[in-house]
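Now for the letters of each chain:
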Amino acid sequence: MAIYVLGDHTLDLREPDRETLVALLKDETVNEELFHVADCVKTREFGNKVFIRGIIEFSNHCRCTCAYCGINARMTRIKRYRMLPDDLVDAAVHAAQTYRTVILQSGEDRFYTADMLADIVRRIKKQANCAVTLSIGERTLEEYRMMREAGADRFLLKHETANAVLYEALHGVPLETRLDAQRRLRGLGFELGGGFMVGLPGQTDETLADDLLTLVREKVQMAGIGPFIVHPDTELAGARDGDPHKTLKVLALARLLLPACHLPSTTALNVKGGMKNALFCGADVIMQKATPFAYRELYDIYPGRDAREVPLEEQYETLRKGLAELGLSAE
Ligand code: SF4
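Residues numbered from 1 in each chain as written. Predicted model: local features only at pLDDT ≥ 70, side-chain atom pairs only at ≥ 80, totals over all residues. Heavy atoms only, no water.

### Considerations on the pairing of strand β5 (residues 131-135)
Thinking step 1. Counting buried residues in β5 gives five out of five residues, a clear majority hidden from the surface.
Thinking step 2. A crossover links strand β4 (residues 101-106) with its parallel partner β5, the connecting element being helix α4 (residues 114-127), and its sense is right-handed.
Thinking step 3. The pairing of β5 with strand β6 (residues 154-156) spans two bridges and is parallel. Following the sheet pairing, Thr133 is matched in β6 by Arg154.
Thinking step 4. After leaving β5, the chain enters helix α5 (residues 141-149) and then returns to the sheet as β6, a path that is right-handed. (Buried < 20%, exposed > 50% of the residue type's maximum accessible area, 1.4 Å probe, protein only. Helix = DSSP H or I, 4+ residues; strand = E, 2+ residues; numbered from the N terminus. Right-handed = clockwise from strand over helix to strand, strands pointing away. Pairing = 2+ DSSP bridges.)

### A word on helix α13 (residues 312-325)
Thinking step 1. Taking 1.5 Å as the rise per residue, α13 with 14 residues should run 20 Å; its terminal C-alpha atoms sit 20 Å apart, in good agreement.
Thinking step 2. Looking only at α13, the buried set comprises Leu312, Gln315, Tyr316, Leu319 and Leu323. The buried residues of α13 occupy an angular sector of 95 degrees when projected down its axis, which confines them to one face. Of the exposed residues in α13, the ones pointing more than 90 degrees away from its buried face are Thr318 and Glu325.
Thinking step 3. Trailing α13 by a residue or two, Gly327 shows a phi angle of about 80 degrees, which is positive. (Expected span 1.5 Å × (residues − 1). Arc of directions from axis to C-beta.)

### Concerning the UniProt feature "domain: Radical SAM core" (unreviewed entry) in the protein chain
Thinking step 1. Listed under "domain: Radical SAM core" (unreviewed entry) in the UniProt record, and renumbered for this structure, are residues 48-260.
Thinking step 2. The span residues 48-260 is 38% helical and 18% strand by assignment, and the distance between its end C-alpha atoms comes to 14 Å. (UniProt positions renumbered as here; feature names shortened; annotations may be inferred.)

Below, the structure written as structure tokens:
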């Protein structure tokens, strides 16, 4: 367990405290040192590897009303889609020819029963040699168990914000509901991915420190930390986007607190042009779209997402070359 001295601040990983994290977030003079140390920790843990995942957004139906999300249940004017199970399996098997991990993501869409999802996972695992990550929201313990027993390896379920009042205002349900779901997943042996947004209206540095400590307390093995991006059709229209620079600081602190955790350069951060920087501030994962072209623009959770129609192999090769130029190796 390390003790980091950054500027005037001492961050003791045996007992990371909120006060020090807040002070580090506020102190702009430590940035260069913080980013350097985070990069060294990442290199110690993963060498120069960057893990590339393919993500398939298979349904934009959602029963939830998350205030920031462009596909939430209140958005009546958007075009909804669902991929049929056979098409989803085919897309995942195809994606697995390029990516070692395939992430299946959707809104909270109850059209897909746990039986259906388990069957989809089972078929993918049988036909392709890849890890399967699910990102489909909250379900019961029994439903999660079925997916785990079918072979799903990992599950992404961010806590989004550790401020219970803010969480409830944005989601209409208590934060504990989300944390309970994370604990169900961890108890079943899923590799658990958490995470949160940086720059939500009403968020403070104290909230961000609590967000980081939540990742530690909930023992996440992956964490997606991205800037909040305003969707103009949501009730948060007119708010300000999260700051990519602040996001990088939070990411770097996450790397110190959770040395072996997988930390993506999130798609939201990439939209803000932060990918290259993130890879030298602690991030070790990049997610690339593997959603069939017909649906890419429709999975509109926030603006600016990449909807280009580049074949997966070409997309991967371009990324691999770009990483090689930075001295990094695509895995
Ligand atoms: S953030 Fe996820 S759960 Fe919330 S409304 Fe959007 S798709 Fe649904």
